[in-house]
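Close look at the chain arrangement
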Amino acid sequence: MNLQQYFDFNRFYKLLKFDLSFNSKKYLTFLGVLIIVLFILDLILLDSTSNYRILENNNRAYFYRKSDYQVSLFITFLIALFLVVSSSFPAFRKKESTSNFLLLPASTFEKFLIQFFIRILIFSPLFILIFWVDFKLASIIYNLLDFKKDILIPDFTVWDVFSYKMKLSDKVVILLSILSFASYLLVNAVHFKKNAVLKTIVVFGIFAFTVFLLNVILSHLFLPNEVNGFDVKIFHRYLENGLRSDQFCVYVIGLFSSLFLLPLTYFKLKEKQV
Amino acid sequence: MICAKEITFNYKNKPLFKGLNLNLECGNIIGLFGKNGAGKTSLLKLITGLLKPNAGDFQVENYTPFDRYPDFLREIYFVSEEMYQPNLTLKKYINLYASFYANFDKSKMQNILEEFELKDSYKLQQISFGQKKKFMIAFALSTNCKYLFLDEPTNGLDIPSKSVFRKVLVNSVDDDQLVIISTHQVKDIENLIDDIVILNDGKIALHKDINSISEKIQFKSVANTTNFDDIIYQEKSVEGYKIMLPAKNNTETKIDLELLFNAVVSHTELNF
């Protein structure tokens, strides 16, 4: 088997250069909008914490909590990741550009890897950096404007997002679940031609509703006396390390979905026809 | 070399090709003809790996097209009828895409652009359909790919551009290249092609080189057909009749591609 037909570093570099150059305007515009939106969002978040309001009435200094920063970063990251990854393979939105993309002299694996590389591996740390810079800027502006005198904003570092009080195993689960989430978005981006972002939401909605409905049916079948209407009752046991069985099940899905979804994305790309 | 064996292909559940066989050698310019919906574009897409046959074996230079290996993709260029038009200047397009083709000739590109009266500062989205087509033809020829596939290349081209197209094609193509031109405009390419491939009823109804056709068949325009008892095929025309006759006394005539095409698709028996 000639591995060069699947991956060649020079070809990958050429494709990366091509993608960045070809989409430079699009990427820069998106980053510009992202910087502005996150900056405004950070200002709003700094100003609108409910705890602050209570403390303000008591005329005491308020510490902007690191956990607030971490949670807001996590939520906005998921939203941005959704937008970025579900709009992967932009060439597939039009028939003409699909042919052009598929016939570009690079391997299917390289074409897949480019999207994974740019939209997941590069974008994720870039987002954390942008969020941090925006937060710094927002806090400087916030304090300069001096319209909320008593706020004390701790000096976060860019790495503080990873210092959330949580077990390491839970952090790994979250990280790999994000990867699974991104992989799911990537499959949809390859599969759908038009309105991929919207269709991704619809498919997820249908999937989530089906799972919910299945659980309702199973709950009524196995525990008819314990549920009413659309109630869901899930049996669980405690495992040796204190983990609950239902929690463990969710962990396994989060951890390993990407192992199925990433090869599926590659396969869908390989089998793409025009 | 392109080799198709017993290709079956359904398009949107409608059978298009059933048991299609085709062998094409390099060093030729091939005219691919067929009625609307006969599958000319689909055949080109199958050869370039944009479509996957339902059954049968396709080989292009020992590659299965649908594998879309980079070494294979580097050797083919497909100018589709549905042209891609990113928001780029011609110069940027050339700089971006040319790097993928090892044999891309930038000076050839400049020359062809000049022949077509195109400036590389033009923006692809701001030029006419015909200009886009000319640019894509220029790019395809400059890649020096071994296999070039041109789908309706003269559609949208003005009259002077059509003759420039013929000129640049003849000057650009080497002996080791294979060019397949799919078109309805037979007049535009009748002096260019070496081989004729006619698709009909999901099969290759005719695949012959121009020489063997003109050795075997004569094409004439006559006022009436009463003096001819061996007419293979005839059609009414402004002057009277266009007829096809078995060639006699080694007298070769210019091939009337339209007449030949109509004869083939009307299932006329041609004894080559």
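Residues numbered from 1 in each chain as written. Chains lettered and ligands numbered in written order. Predicted model: local features only at pLDDT ≥ 70, side-chain atom pairs only at ≥ 80, totals over all residues. Heavy atoms only, no water.

Regarding the nonpolar core
We count it as follows: Residues belong to a common nonpolar core when they are buried Ala, Val, Leu, Ile, Met, Phe, Trp, Tyr or Cys residues joined through side-chain atoms within 4.5 Å. Relative accessibility under 20% of the residue-type maximum defines a buried residue, over 50% an exposed one, and the middle range a partly exposed one, all with a 1.4 Å probe and only protein chains included. In this description a helix means any DSSP run of H or I spanning at least four residues, a strand means any run of E spanning at least two, and both kinds are numbered starting from the N terminus. Residues count as neighbours in contact if any of their non-hydrogen atoms are within 4.5 Å of one another.
Grouped together as the largest cluster of nonpolar side chains are 73 residues, with contacts concentrated most on Phe127(A), Ile2(B), Leu20(B), Leu43(B), Phe149(B) and Ile180(B). No other element matches helix H6 (residues 108–145) of chain A, which puts eleven residues into this core. The residues contacting Leu20(B), other than those within four sequence positions of it, are Ala4(B), Lys5(B), Glu6(B), Ile7(B), Leu43(B), Leu199(B), Gly202(B), Lys203(B) and Ile204(B).

Examining the interface of chain A and chain B
Basically, it comes down to this: Throughout, buried area stands for the accessible area (probe radius 1.4 Å) lost by two parts on being put together, summed over both. In what follows, salt bridge is the name for a side-chain nitrogen of Lys or Arg lying within 4 Å of a carboxyl oxygen of Asp or Glu. Any pair of N or O atoms that falls within 3.5 Å is considered a polar contact. Within protein, one atom must be able to donate a hydrogen and the other to accept it, and sequence-neighbouring residues count only if both atoms are side-chain atoms.
Every contact between the two is made by 27 residues of chain A and, on the other side, 29 residues of chain B. Summed over both partners, the interface of chain A with chain B buries about 2700 Å², with 57% contributed by carbon and sulfur atoms. Ranking the residues of chain A by area buried against chain B places Gln5(A), Leu103(A) and Pro105(A) at the top, with a combined share of 24%. Linking chain A with chain B are two salt bridges. Note that Glu82(B) is salt-bridged to Lys95(A), the shortest N-O span being 3.4 Å. Our count for the chain A to chain B interface comes out at twelve residue pairs in polar contact (both at pLDDT 80 or more). Those elements that provide at least two residues to the side of chain A that touches chain B are helix H1 (9–22), helix H5 (95–102) and helix H9 (245–270) of chain A.

Brief notes about the sheet that holds strand E12 (residues 241–246) of chain B
Residues and elements named next belong to chain B. Counted only if it meets this: The criterion for strand pairing is that DSSP finds at least two bridges linking the strands in question. Axis lines are fitted to C-alpha atoms, over the contacting stretch for helices. Their N-to-C directions set the angle, which ranges from 0 to 180 degrees.
Across the sheet, which stays open at both edges, the three strands sit in the order E10-E12-E11 with antiparallel pairing between neighbours. Looking at which strands have only one partner, the edges of the open sheet turn out to be strand E10 (217–222) and strand E11 (233–236). Sheet twist, expressed as the mean angle between neighbouring strand axes with direction ignored, is 15 degrees. Strand direction decides the pairing type here: E11 and E12, joined by four bridges, are antiparallel. Across the sheet, the residue bridging to Tyr233 is Met244, located in E12.

Re the pairing of strand E1 (residues 2–11) of chain B
All names here are of chain B. Alignment of E1 against strand E4 (residues 55–60), held across five bridges, turns out to be antiparallel. Paired with Ala4 across the bridge in E4 is Phe58. Where E1 folds back on strand E2 (residues 14–24), the antiparallel hairpin that results is connected by two residues, among which Lys12 adopts a positive phi of roughly 50 degrees.

Some details on helix H1 (residues 40–48) of chain B
Residue and element names in this part refer to chain B. Most of H1 sits inside the fold, with eight of its nine residues counted as buried. For H1, the full list of buried residues reads Lys40, Ser42, Leu43, Leu44, Lys45, Leu46, Ile47 and Thr48. Phi turns positive, to about 85 degrees, at Gly49, one or two residues after H1.

Structural notes on the packing of helix H3 (residues 90–98) of chain B against helix H4 (residues 106–115) of chain B
Residue and element names in this part refer to chain B. Let me state the cut-off plainly: In this scheme, roughly parallel covers angles under 35 degrees and roughly antiparallel covers those over 145, while 65 to 115 is roughly perpendicular and the rest are oblique. It is the rotation of the near helix from the far one that decides the hand of a crossing: anticlockwise by less than a right angle makes it left-handed, clockwise makes it right-handed. For this classification, the nonpolar set comprises Ala, Val, Leu, Ile, Met, Phe, Trp, Tyr, Cys and Pro, the charged set comprises Asp, Glu, Lys and Arg, and every other residue, Gly included, is treated as polar.
Where H3 meets H4, the axes come as close as 12 Å, and the angle between the chain directions of the two elements is 150 degrees. Taken together, the axes of H3 and H4 lie roughly antiparallel to each other. For the element pair H3 and H4, the recorded crossing hand is right-handed. For the pair H3 and H4, the contacting residues are Ile94, Asn95 and Ala98 in the first and Lys106, Met109 and Leu113 in the second. Looking at the contact of H3 with H4, its residues break down into four nonpolar, one polar and one charged.

Details of the domain arrangement of chain B
Residues and elements named next belong to chain B. Quick reminder of the rule: Here the limits of each domain have been adopted from an automatic or database domain assignment.
In terms of domain boundaries, chain B breaks down into domain 1 (2–200) and domain 2 (210–265). Between the C-alpha centres of domain 1 and domain 2 there is a distance of 30 Å. At the junction of the two partners, domain 1 supplies 13 residues and domain 2 supplies ten residues. Counting each side, the surface lost to burial between domain 1 and domain 2 is near 1000 Å², with a carbon and sulfur contribution of 72%. Sorting the residues of domain 1 by area buried against domain 2 places Glu190, Ile196 and Ile198 first, and these three jointly supply 44% of that buried surface. Here domain 1 and domain 2 share one salt bridge between them. Here domain 1 is connected to domain 2 by two residue pairs in polar contact (both at pLDDT 80 or more). When residues of the side of domain 1 that touches domain 2 are assigned to their parent elements, the largest contribution, four residues, is made by strand E8 (residues 195–200). Here the residues of the side of domain 1 that touches domain 2 are counted per class, giving five nonpolar, three polar and five charged.

Quick notes on the sheet that holds strand E9 (residues 203–209) of chain B
Residue and element names in this part refer to chain B. The strand order E5-E6-E7-E3-E8-E9 describes an open sheet built from six strands, whose pairing is mixed. The open sheet terminates on both sides in strands that have one partner only, identified here as strand E5 (76–79) and E9. On average, each strand axis in the sheet is inclined to that of its neighbour by 15 degrees, with strand direction left out of account. As paired strands, strand E3 (residues 28–34) and E8 are joined by five bridges and run parallel to one another. Bridge pairing in E8 links Gly34 to Leu199.

Side note on the state of the cysteines
Residue and element names in this part refer to chain B. Selection criterion: In what follows, a disulfide is any cysteine sulfur pair within 2.5 Å.
All told, the structure shown has zero disulfides over all chains when counted by the stated rule. Free cysteine Cys145: the closest other cysteine sulfur is in Cys26, separated by 12 Å. For Cys145, a relative accessible area of 1% corresponds to the buried category.

Quick notes on the environment of Leu103(A)
Tracing the backbone through its elements, the reader meets Leu103(A) in the loop between H5 and H6. With 146 residues separating them in the primary sequence, Leu103(A) and Cys249(A) have C-alpha atoms 42 Å apart.

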